[in-house]
Amino acid sequence: QRKDLVNLERGRMRLKYSKDGHEQVAELLNCEGVSFLFVDKNVRKISAETGKFENSNIDEVNSAIEKQKSQKKLEISPKIFEIVKKELGSFELIL
C-alpha cells in the first residue's frame, strides 16, 4: 500500500493560481499518459495531443490510477503545463 501511495504522490501536483483576485488551489494528477485537473470540485481530463479539456469523472481517474500502479516511471508532457496555463492563467507548483 505504501508503495502505491508513493507512486500516486509522484504524479500529483498542487497548483496555486489567482481567480478574481483570490488565491485558489487546483490539483493536477498525471498517470499513465493521462492528466487530470481538479478545479472547483470538477474533474477535467487533459489531452496533450489535442490541447483540450474534457469533462471526466472519478471512475476514469481511479481507472488511470490503477494502470499507473504497475508503472515504474512517470513522464509528463510539457504541453500539459501550457494547456493548464491557458485554462488557469499563471500558476505556481506546490510539491
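First, a word on scope: everything that follows refers to the structure included in this document. Please read all numbers here as calculations on a predicted model, not as lab measurements.

A few words on the overall build of the protein chain. Across its full length, the protein chain carries three helices and six strands. Element order for the protein chain, N to C, with α for helix and β for strand: α-β-β-β-β-β-α-α-β. Rg of the C-alpha trace for the protein chain: 13 Å, near the compact-globule value of 12 Å for 95 residues, within the 12% margin. Judged by the C-alpha coordinates and their principal axes, the protein chain covers about 40 × 30 × 25 Å. In the protein chain, which comprises 95 residues, the share counted as buried stands at 29%. Restricting to contacts in the protein chain with at least 6 residues of sequence separation, those with at least 24 account for 47%. Of note, the protein chain has its 18 positive side-chain charges centred 3 Å away from the centre of its 16 negative side-chain charges.

On to the side chain of Ser56. Looking at where Ser56 falls in the secondary structure, it is placed in the loop between strand S5 (52–55) and helix H2 (58–68). In this view, Ser56 contacts Phe36, Val43, Arg44 and Lys45; residues no more than four positions away in its chain are not counted.

Moving on, we come to the pattern of salt bridges. Counted by the stated rule, this structure contains five salt bridges. Its salt-bridge partner being Glu27, residue Arg12 comes within 2.9 Å of it at the nearest N-O pair. With a gap of 15 residues between them, Arg12 in strand S1 (residues 12–19) and Glu27 in strand S2 (residues 22–31) connect regions that are remote in the sequence. Arg12 sits in the partly exposed class, given a relative accessible area of 28%. Classification of Glu27 as partly exposed rests on a relative accessible area of 24%. Residues Glu87 and Arg44 are paired through a salt bridge, measuring 2.8 Å at the closest nitrogen-oxygen approach. On the criterion of sequence distance, the pair formed by Glu87 in helix H3 (residues 78–88) and Arg44 in strand S4 (residues 42–47) is long-range, its members being 43 residues apart. On the basis of relative accessibility, which here comes to 40%, the residue Glu87 falls in the partly exposed class. By relative accessible area, Arg44 is classed as partly exposed at 24%.

So, how was this worked out
- Every chain begins its residue count from 1, and numbering advances along the sequence as written.
- At least 70 in pLDDT is required for a residue's local features to be given in this predicted model, at least 80 for side-chain atom pairs to be given and counted, and no such filter applies to totals for whole chains, interfaces and linings, which use all residues.
- As a rule here, side-chain values come from all non-hydrogen atoms in the structure, and water together with hydrogens is ignored.
- In DSSP terms, a helix is any run of H or I states spanning at least four residues, a strand is any run of E spanning at least two, and both are numbered starting from the N terminus.
- Based on C-alpha atoms, the radius of gyration is set beside the globule rule, defined as 2.2 Å times the residue count to the power 0.38.
- Think of it in three bands: with a 1.4 Å probe and only protein chains considered, a residue is buried below 20% of the maximum accessible area for its type, exposed above 50%, and partly exposed in between.
- Working rule for contacts: check all heavy atoms of both residues, and any pair within 4.5 Å makes them a contact.
- The convention is simple: Lys and Arg are positive, Asp and Glu are negative, and His and the chain ends are not counted.
- Where a charge lies is defined by one atom per residue type, namely NZ (Lys), CZ (Arg), CG (Asp) and CD (Glu).
- Within this document, salt bridges are pairs made up of a side-chain nitrogen of Lys or Arg and a carboxyl oxygen of Asp or Glu, the two lying within 4 Å of each other.

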